[in-house]
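Overview (structure and organization)
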Amino acid sequence: MVSIVVGGHYGDEGKGKMVAYLAVKDDPDVICRAGVGTNAGHTIHVDGKKYGLRMITCGFVNPKPDLMVGAGVLVDPEVFLNEIEVTDCGDRAYVDRRCAIIEKKHKDADRAGGGKIGTTGSGCGPANADRVNRVAKLAQEIDELKDYVVDVPMKVNEAIDSGKEVLVEASQGFGLSLYYGNYPYVTSKDTSASTACADVGIGPTRVDEVYVIYKAYMSRVGKDPYVKPLTDEDVAEDELWTTMLSRAEENGFLEGSSNEKIAAYLGEVGTVTGRPRKIAAFDMELAKYSSKVNGATQVCLTCLDKLFPKCYGATTLEKLGGEALAHVKKIEGGLGIPVSLISTGPDAKHVVDLRGQ
Ligand code: GTP
Ligand code: IMP
Ligand code: MG
């Protein structure tokens, strides 16, 4: 059984949180990180402790599975080794020997030249450019990584062949794809489920489930002019956003535009960059398109509690409350696919699981 988790909008949809949930609930034997590299920032809360991870999969919260980084993912050795310490998973963490390496020169170049796009400055774009030019170093050449270097596709396919469960955590979101996103305001590679398969060396015939994750609203970091933040008029015309603005102001978020007040209230600040995220209403057209291209079999909605605080921590449909349920139904209706996992809080346990119902 192979399941892949991808982002359906512009990243930061809460993939890390959903992977942490699935890692515990479904108890896979192997969990692989796919995606671009350390530009990702996956935040999870487990039993009151917060982790912000950029290389090691959030599935580490289950102490049993092997944790792998696929060949397509860029590895920053310093970040990888530090996260092994933080998550205490050195005895079960692996990187593919062919992962390309992010070096200091890549981070310097990204910080110096990424301003136009508003990159994360993590060095991913320049490192992928070196990879395409076939001058990047690979993990197998790096002494500090020698204890962790393996052939990830061999291990993963052996696991699949012997009937084990494999979970794949992608990064970023569909709207950031080099192929399908708002070019040039995109990341340095495709971010769809097919590329996540290629990243870890799994053939498309072997995939059972594709989980596409959406937030109950949308957020965007970086300088993408195609994603329009909520204007003061949008907020005034929509009951939900008017309520959010009142709550933001009641809670002391009084500076800037309506969008900035709401973003601050929602805690929408980049995990890697610390930059405030733009807030926008749920983009149904993009969501439909990304479900299609990703071949979604399961749709997950996160951060429902941020819009409807009464549903915080709910684990059953009954506990969501009418307004939150109506929002879920509206999105389901627009997408034409049932929502099967609903996240109601930052903790890995805050999930309504409707799979198989
Ligand atoms: P990228 O790979 O960087 O795109 O990250 P991601 O999809 O893993 O998301 P990220 O962790 O960057 O952002 C999601 C944020 O929302 C984090 O701060 C999570 O802790 C938080 N979060 C996720 N799900 C929920 C939820 O249901 N409710 C609340 N309140 N917070 C959530
Ligand atoms: P890069 O991937 O650092 O080159 O950044 C390119 C674009 O993708 C910028 O708009 C970034 O803000 C965005 N981006 C990259 N990674 C993430 C992510 O994990 N979450 C949200 N946005 C991201
Ligand atoms: Mg993030």
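Remarks on the pairing of strand β1 (residues 2–7)
Here β1 lies mainly inside the structure; six of its six residues are buried. Here four bridges tie β1 to strand β8 (residues 166–169), and the two strands are oriented parallel to one another. Note on β8: the bridge partner recorded for S3 is L167. Where β1 lies against strand β9 (residues 209–215), five bridges are found, and the strand directions are parallel. Note on β9: the bridge partner recorded for V5 is Y211.

Here we look at the coordination of the magnesium ion (ligand 3)
Distances from the magnesium ion (ligand 3) to its protein donors, D12 (OD) and G41 (O), fall at 2.0 to 2.3 Å. With D12 in the loop between β1 and α1 (15–25) and G41 in the loop between β2 (30–33) and β3 (42–46), the pair connects residues that are 29 residues apart, well separated along the chain. What makes D12 partly exposed here is its relative accessible area of 22%.

Some words on the domain arrangement of the protein chain
By domain assignment, the protein chain separates into domain 1 (2–214) and domain 2 (219–280). Here the C-alpha centre of domain 2 lies 28 Å away from the C-alpha centre of domain 1. Contacts between the two partners involve 20 residues from domain 1 and, on the opposite side, 14 residues from domain 2. Summing both sides of the interface, domain 1 and domain 2 together bury roughly 1,200 Å²; the carbon and sulfur share of this comes to 54%. Area buried by domain 1 at its contact with domain 2 is led by Y10, D12 and Y185, which between them contribute 41% of it. The interface formed by domain 1 and domain 2 contains one salt bridge. Salt-bridge contacts for R277 lead to D12; the nearest nitrogen and oxygen are separated by 3.2 Å. For the interface between domain 1 and domain 2, the tally reads five residue pairs in polar contact (both at pLDDT 80 or more). Among the residues making up the side of domain 1 that touches domain 2, the classes are represented as six nonpolar, 11 polar and three charged.

Section: the side chain of K278
Within the element layout of this structure, K278 appears in strand β11 (residues 278–280). Within the structure, the side chain of K278 is placed 2.9 Å from the backbone oxygen of V227, a separation counted as a polar contact. Residue contacts for K278: discarding those within four places in its chain leaves M218, S219, R220, G222, D224, V227, P229 and N259.

As for a nonpolar patch on the surface
On the surface, a nonpolar cluster with roughly 590 Å² of combined accessible area is contributed by L178, Y179, Y180, Y183 and Y289. Mapped onto the secondary structure, L178 falls in the loop between β8 and α6 (193–200).

A look at the environment of N294
Turning to its location among the elements, N294 is positioned in helix α10 (residues 284–294). Given a relative accessible area of 5%, N294 falls into the buried group. C-alpha of N294 to C-alpha of S194: the two residues are 100 residues apart in sequence and 7.1 Å apart in space. Looking at N294, its side chain comes within polar contact range of the main-chain nitrogen of A193, at 2.8 Å.

Digging into the site of ligand 2
Taken together, 17 residues lie near ligand 2, and D12, N39, T120, T187 and R220 sit nearest. With respect to ligand 2, the side chain of R220 contributes an N or O atom lying 3.0 Å from an oxygen atom. In the environment of ligand 2, an oxygen atom lies 3.4 Å from a nitrogen or oxygen atom belonging to the backbone of V221. For ligand 2, whose accessible area on its own is 460 Å², the fraction buried by protein is 97%. Of the residues in the shell around ligand 2, the class split is six nonpolar, eight polar and three charged. Formed jointly, the shell around ligand 2 draws a minimum of three residues from each of two domains, domain 1 (2–214) and domain 2 (219–280).

How each quantity is defined
- Along each chain, numbering runs from 1 in the same order as the chain's sequence is written.
- Whichever chain is written first becomes A and whichever ligand is written first becomes 1, with later ones labelled in order.
- It should be noted that, the model being predicted, local features are given only for residues of pLDDT at least 70 and side-chain atom pairs only at 80 or more, the latter also being counted only at that level, while totals for whole chains, interfaces and linings use all residues.
- Hydrogens and water are ignored here; the side-chain numbers use all heavy atoms of the structure.
- Relative accessibility thresholds used throughout: buried, under 20% of the residue-type maximum; exposed, over 50%; partly exposed, between the two (1.4 Å probe, protein chains only).
- Starting at the N terminus, helices and strands are each numbered in turn, a helix being any DSSP run of H or I of at least four residues and a strand any DSSP run of E of at least two.
- The pairing criterion is simple: DSSP has to find at least two bridges between the two strands.
- Coordinating donors are taken to be N, O and S atoms lying within 2.8 Å of the metal, or within 3.2 Å when the metal is Na, K or Ca; because water is excluded from the atom set, some sites may appear incomplete.
- Boundaries between domains were set according to an automatic or database domain assignment.
- Only heavy atoms matter for contacts: two residues are in contact if any of them lie within 4.5 Å across the pair.
- Accessible surface is computed with a 1.4 Å probe, and the buried area is the amount of it that two parts give up when combined, taken over both parts together.
- Any Lys or Arg side-chain nitrogen found within 4 Å of a carboxyl oxygen on Asp or Glu counts as a salt bridge.
- For the purposes of these results, a polar contact is taken to be a pair of N or O atoms within 3.5 Å, where, inside protein, one atom must be able to donate a hydrogen and its partner to accept one; residues adjacent in sequence count only when each atom of the pair is a side-chain atom.
- Here the nonpolar group is Ala, Val, Leu, Ile, Met, Phe, Trp, Tyr, Cys and Pro; Asp, Glu, Lys and Arg are the charged ones; every other residue, Gly included, is treated as polar.
- Each patch is built from residues that are more than 30% exposed by relative accessible area and take part in no salt bridge. Like charges join if they lie within 9 Å; nonpolar side chains (Val, Leu, Ile, Met, Phe, Trp, Tyr) join within 5 Å.
- In this description, accessible areas are obtained by the Shrake-Rupley approach with a 1.4 Å probe, and a residue is regarded as covered only by the protein chains that are shown.
- Throughout, the term near means that a residue has one or more heavy atoms lying within 4 Å of the molecule or strand in question.

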